[in-house]
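Summary of structural features
In case you want the letters, here they are:
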Amino acid sequence: MKYPAEFFAQPSNDQMQVLSARLGLGGTNPVAEGLAAYSKMLETLDGLLGPAPRTAVQWVGFGRVDWKAAERHRFTLEGIGATWDSPGGGLTRVSESYGANSFGTSEASEEWLLGRWEAFLTPNLLAVSQGSMGGTS
């Protein structure tokens, strides 16, 4: 059941009679005894479920190093990282679409790294070697 109102709804009279019979409640009013047993079970669940803590964590970083190793050589190293985590189901935006009546959870991550080497082979000829890699999840 995905709707709390349906999950916590009181069972029908027929369902309560079946519950009373399965629990072996044979008193003068088995429906009332079954309802009392059912209420105790729900009170136990309420203590276990309770309100869920809503947490969210975000980290974003950028770094760059430029190094002129010699008159004709220059190195650049650049990196970007971003992480989003929401284990308790914190919302990532105003509304989420994870399904009916669900806060859901989300997790995202992105990394990117670039390395570059520039070298003047002659006063007018520049050679550039560059590599980059990245990942997203």
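Above: the structure in question.
Presented here is a report on the structure given in the accompanying data block.

Thresholds, definitions, all that
Residues numbered from 1 in each chain as written. Predicted model: local features only at pLDDT ≥ 70, side-chain atom pairs only at ≥ 80, totals over all residues. Heavy atoms only, no water. Helix = DSSP H or I, 4+ residues; strand = E, 2+ residues; numbered from the N terminus. Polar contact = N/O pair within 3.5 Å; in protein donor to acceptor, adjacent residues only side chain to side chain. Contact = heavy atoms within 4.5 Å. Buried < 20%, exposed > 50% of the residue type's maximum accessible area, 1.4 Å probe, protein only. Salt bridge = Lys/Arg side-chain N within 4 Å of Asp/Glu carboxyl O.

Turning to its location among the elements, T76 is positioned in strand β2 (residues 73–86). Within the structure, T76 has its side chain in polar contact with the side chain of D66 (distance 3.0 Å). Those residues in contact with T76 that lie beyond four places of it in its chain are R64, V65, D66, L114, G115 and R116.

Quick look at the environment of H73 now. Mapped onto the elements, H73 comes out in strand β2. When its relative accessible area of 31% is taken as the criterion, H73 is described as partly exposed. For the pair H73 and F120, spaced 47 residues apart in the sequence, the C-alpha separation amounts to 6.8 Å. At 3.3 Å, the side chain of H73 and the side chain of W117 are in polar contact.

Our focus in this paragraph is the pattern of salt bridges. Evaluated as defined, the whole model comprises five salt bridges. With a closest N to O distance of 3.9 Å, R74 and D66 form a salt bridge. When its relative accessible area of 35% is taken as the criterion, R74 is described as partly exposed. Through salt bridges with shared partners, a single ionic network connects R64, D66, R74, E78, R116 and E118.

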